[in-house]
Amino acid sequence: MEASASSVVVILGDLETLQKEMAAKDAALLELRSCVLRLTGDAAAARREAAAQAEATVRVSRELEQHVGTVRQLSDLAASCSSLRAEAAALRAKLDTTEKVRASM
């Protein structure tokens, strides 16, 4: 009987040790789960931020395309104005010539 009693004491000691180890592993598992959830949340936040930045980049690109179009239109208008100035100068010269001819008559 003494051997059985000492075996029970050893088994109870082993069970207590196993319970402590399981409690420590459960705590580590809970912390690991918490880390996984935090990392998952961080990854989701990073994906949302990347998507927002991509949208902003597309928006800026479209705005730049519009500005390039406006600059091209302004350049065309400047060329037209230059051409009109040249025509106006030629017409003034003709008018001056015409007035000189009339004045000499």
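Below, the structure is looked at part by part. (Residues numbered from 1 in each chain as written. Predicted model: local features only at pLDDT ≥ 70, side-chain atom pairs only at ≥ 80, totals over all residues. Heavy atoms only, no water.)

## Things to note about the overall build of the protein
When helices and strands are tallied, the protein shows one helix and zero strands. Relative to the globule expectation of 13 Å for 105 residues, the C-alpha radius of gyration of the protein, 45 Å, shows a markedly less compact shape. When the 105 residues of the protein are sorted by exposure, 1% land in the buried category. If you sum the accessible surface of the protein, you get close to 9,500 Å²; carbon and sulfur atoms cover 63% of it. Computing the positive centroid from 14 side-chain charges and the negative centroid from 15, the protein places the two 17 Å apart. (Helix = DSSP H or I, 4+ residues; strand = E, 2+ residues; numbered from the N terminus. Rg over C-alpha atoms; globule rule 2.2 N^0.38 Å. Buried < 20%, exposed > 50% of the residue type's maximum accessible area, 1.4 Å probe, protein only. Areas by Shrake-Rupley, 256 points an atom, 1.4 Å probe, with all protein chains shown as cover. Lys, Arg positive; Asp, Glu negative; His and termini not counted. Charge placed at Lys NZ, Arg CZ, Asp CG, Glu CD.)

## A look at a nonpolar patch on the surface
There is a patch of nonpolar side chains on the surface, built from V8, I11, L12, L15 and L18 and spanning about 460 Å² of accessible area. Among the structural elements, L12 can be located in helix α1 (residues 2-104). Its relative accessible area of 51% is what places L12 among the exposed residues. (Patch = residues over 30% accessible without salt bridge, like charges linked within 9 Å, V, L, I, M, F, W, Y side chains within 5 Å. Salt bridge = Lys/Arg side-chain N within 4 Å of Asp/Glu carboxyl O.)

## Thoughts on the environment of A43
Mapped onto the secondary structure, A43 falls in helix α1. By relative accessible area, which is 31% here, A43 ends up partly exposed. Through-space distance from the C-alpha of A43 to that of L74 is 46 Å; in sequence the pair is 31 residues apart.

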